[in-house]
Amino acid sequence: MSRGYYTISHITDYGPYVTKIILPLPAKVQAVAADAFTVYVQRLDPKGKPLLLPKSWMALDDKELSQGYVPVTAAYPCGLDGVPACEGDCVALDMAYGPNNQLSSMISAPEGLNVYVNMRYTITQNKPLESQGGTLTGLTFDFPLGHSAPDQAGWLNDASRYEPEPIHYGYFIPQNVEPGPRPLLIWLHGAGEGGVDPTVAYTGNKVVALSSPKVQKLFGGAYVLAPQTKTFWMNDGSGEYGHTGRSMYSEALKACIVDFLDRNPGIDRNRVYIGGDSNGGFMTMRMLIDYPELFAAAFPVCEALYDDTIREEDIARIQEKPIWFTHAKNDPVVKPQETVEATYKRLMAAGAQNVHFTFWDKIEDIHEGFKGPDGEPFEYLGHFAWIPMLNDDCRVDYDGQPVQWQGREVSLLEWLAEQKKD
């Protein structure tokens, strides 16, 4: 008889993955072997057919059918919450996930933009299970009953009221905060997270880290806003990745931010911070130059605004603004010599006093436990500088020395929390 299953996801440094499957049983069990079940997954299109998907983010034309077996790393009794127990009327299966197990990924880019895919599992029992009601055998689970995403708790989606170009966005409202107005963190997504599902704008990368208890405590509670463009922020109206340094979304994004401020009078308008990665880093710089009065500080990551499109008067407009850049020297997508490095040097030459730049040699995994073929920590593509930024690993400046603020060493987010317009 076919039975149902539940899935639980986790948003990692490499995106959202199904990391656990919960199997409701007809009787309670006390022990489960890791190889008691096999898990087969198909990632399907809206018509229920297996997707032909790129094998990797950097090889979009190299495609294969997205289906196969997913390794089970652990199995144990539990309840519907998936918490391990000595006895339970459910079994939890922990799934392999990460860069080397992309069948567990909840998103892919069949047409260039990351979208959530329909994941259908077939879980087959391989070994007998002893239960209070006798031996359980031959169980098959192939019908989804529900899904939970704990990392997204508190996030909602909405759209701005700017009629010429409404911007959809995800947002987080701080809970149990200190008295008084609270700051706003704005995150602008990269090129792969554009589209019509704003959930991708804050889960395609681990933007939900900004709503984590750790970061919320650091800011005393902070609003988070993650706007999403239908195409890409660098679109100047041509629909192409050009070299103009302009964006057709500048006015619409400003209207979205102002609209969100108006809807949330609890935001401290002297503590509005803007950042983002790649295309979003480009747009961070564009918004900072065009509307500097809106923002207390900026944190562009692997930003893609070509330095030769930035005028001297633009440098003069932002040289007094607190800015902390993040990039990697081996970024093959956005060359730092053409963008951030040149701009940083111009700002410093202009006399900027509160501008910092963490320039990574490479981006390695230090939080997820992902491994490369040699067993060493997995090395991400050099473009993925948002990973250390969102994990608040940025602490050193361009000269390799720790960043100091008011006599103490600080991380990027610790520094950001202290910046005010006045």
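Refer to the structure above for everything that follows.
Remember, predicted model here, so these are calculated numbers, not experimental data.

Analysis parameters
- Residues numbered from 1 in each chain as written.
- Predicted model: local features only at pLDDT ≥ 70, side-chain atom pairs only at ≥ 80, totals over all residues.
- Heavy atoms only, no water.
- Helix = DSSP H or I, 4+ residues; strand = E, 2+ residues; numbered from the N terminus.
- Expected span 1.5 Å × (residues − 1).
- Buried < 20%, exposed > 50% of the residue type's maximum accessible area, 1.4 Å probe, protein only.
- Contact = heavy atoms within 4.5 Å.
- 1 Å grid on protein atoms, 1.4 Å probe; cavity = no way out; pocket = protein on both sides within 12 Å on 5 of 7 lines; lining within 4 Å.
- Points joined across faces, edges and corners; volume = space filled by probe spheres on them.
- Nonpolar A, V, L, I, M, F, W, Y, C, P; charged D, E, K, R; others polar.
- Core = buried A, V, L, I, M, F, W, Y, C linked by side-chain atoms within 4.5 Å.
- Salt bridge = Lys/Arg side-chain N within 4 Å of Asp/Glu carboxyl O.

Trainee: Residue-level account of helix α3 (residues 250-263), with values.
Mentor: Compared with the 20 Å implied by 1.5 Å per residue over 14 residues, the 20 Å span of α3 between its first and last C-alpha is a close match. Among all positions in α3, only Ser250, Ala252, Leu253, Cys256, Ile257, Asp259, Phe260 and Leu261 are buried. Turning to α3, the residues buried within the fold contact β15 (155-159), β16 (168-172), β17 (182-188), β18 (223-228), β19 (267-277) and α4 (279-290).

Trainee: Before we move on, can you summarise empty space enclosed by the protein with the specific residues and values?
Mentor: If you walk through the whole model with that rule in mind, you get one cavity of 30 Å³ or more. The calculated volume of the largest cavity comes to roughly 50 Å³. Taken together, the residues that form the lining of the largest cavity break down as five nonpolar, four polar and two charged.

Trainee: Requested: an account of the side chain of Gln319, with residues and values cited.
Mentor: Mapped onto the fold, Gln319 is located in the loop between α5 (312-318) and β21 (323-328). Judged by relative accessible area, Gln319 falls into the buried class, the value being 17%. Among residues more than four places away in sequence, those in contact with Gln319 are Leu347, Ala350, Ala352, Gln353 and Val355.

Trainee: Could you give an account of the nonpolar core, naming the residues involved and the relevant values?
Mentor: Judged by nonpolar contacts, the single largest core of 46 residues is most densely connected at Leu184, Ile186, Phe295 and Phe325. In contact with Phe295, not counting residues within four places along its chain, are Ile186, Ile257, Val272, Ile274, Met287, Leu288, Lys321 and Lys421.

Trainee: Tell me about the pattern of salt bridges, residues and numbers included.
Mentor: A side chain with one charge can pair with a side chain of the opposite charge if their charged atoms come near. With the rule as written, the count across this model stands at 18 salt bridges. Ionic pairing is found between Asp307 and Arg346, a salt bridge with its closest N-O pair at 3.1 Å. One end of the pair, Asp307, is in the loop between β20 (297-301) and α5; the other, Arg346, is in helix α6 (residues 340-349), and 39 residues separate them in sequence. Of the residues examined, Asp307 reaches a relative accessible area of 11% and is grouped as buried. For the salt bridge of Asp314 with Arg311, the shortest nitrogen-to-oxygen distance reads 2.9 Å. One network of salt bridges, with partners in common, ties together Asp158, Arg161, Asp259 and Arg263.

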